[in-house]
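Listed below, chain by chain, are the residues.
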Amino acid sequence: MSQKSKLAKELNALEEEIKALEAKRIRSMAVIMEAMLSRNVPDDTDVQFFRAFNAEIEIKREQLQKLTKQLEKLL
């Protein structure tokens, strides 16, 4: 398998992971927003999930940028 196609597959996989993590983060955000709108304190667990998903998304985006730069060098 060529380096280009390998990088392209890795990019696609990372993009799918990011989409899945963003969906989970949105669910956590919705729970937090509902608590705030109801003038309640958001549950600590929900806040921790949101922060964890957010951190994981940032890591995956950095990886995506690195792989994109590597692919651009090969083109």
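Everything numeric here is computed off the predicted structure, so don't read it as measured data.

### Remarks on the overall build of the protein
Next, step 1: Along the backbone of the protein there are two helices and zero strands.
Next, step 2: Relative to the globule expectation of 11 Å for 75 residues, the C-alpha radius of gyration of the protein, 17 Å, shows a markedly less compact shape.
Next, step 3: Judged by the C-alpha coordinates and their principal axes, the protein covers about 55 × 15 × 15 Å.
Next, step 4: Relative to its 75 residues, the protein shows a buried fraction of 23%.
Next, step 5: Looking at the protein alone, contacts between residues at least 24 apart form 73% of all its contacts between residues at least 6 apart.
Next, step 6: By element, 55% of the accessible surface of the protein is carried by carbon and sulfur atoms, the whole surface being about 5800 Å².
Next, step 7: Once the 14 positive and 13 negative side-chain charges of the protein are each reduced to a mean point, those two points are 6 Å apart.

### Points about the side chain of Arg 25
Next, step 1: Topologically, Arg 25 is positioned in helix H1 (residues 3-37).
Next, step 2: Look at Arg 25: it is buried, it has no salt bridge, and the nearest opposite charge is Glu 22 at 4.3 Å.
Next, step 3: In this structure, Arg 25 is in contact with Phe 50, Phe 53, Asn 54, Ile 57 and Arg 61, ignoring residues within four places of it in sequence.

### Describing helix H2 (residues 44-74)
Next, step 1: Given a rise of 1.5 Å per residue, 31 residues ought to cover 45 Å, and the 45 Å separating the end C-alpha atoms of H2 matches this to within 8%.
Next, step 2: Taken residue by residue, H2 has Val 47, Phe 53, Ile 57, Lys 60, Leu 64, Leu 67 and Leu 71 as its buried positions.
Next, step 3: Buried residues along H2 sit against H1.

### Comments concerning a nonpolar patch on the surface
Next, step 1: Together, Ile 26, Met 29 and Met 33 line one region of the surface with nonpolar side chains, adding up to about 280 Å² of accessible area.
Next, step 2: Checked against the element boundaries, Met 29 lands in helix H1.

Cut-off values and rules
Residues numbered from 1 in each chain as written. Predicted model: local features only at pLDDT ≥ 70, side-chain atom pairs only at ≥ 80, totals over all residues. Heavy atoms only, no water. Helix = DSSP H or I, 4+ residues; strand = E, 2+ residues; numbered from the N terminus. Rg over C-alpha atoms; globule rule 2.2 N^0.38 Å. Buried < 20%, exposed > 50% of the residue type's maximum accessible area, 1.4 Å probe, protein only. Contact = heavy atoms within 4.5 Å. Areas by Shrake-Rupley, 256 points an atom, 1.4 Å probe, with all protein chains shown as cover. Lys, Arg positive; Asp, Glu negative; His and termini not counted. Charge placed at Lys NZ, Arg CZ, Asp CG, Glu CD. Salt bridge = Lys/Arg side-chain N within 4 Å of Asp/Glu carboxyl O. Expected span 1.5 Å × (residues − 1). Patch = residues over 30% accessible without salt bridge, like charges linked within 9 Å, V, L, I, M, F, W, Y side chains within 5 Å.

Function cannot be read off these values alone, since they describe shape.
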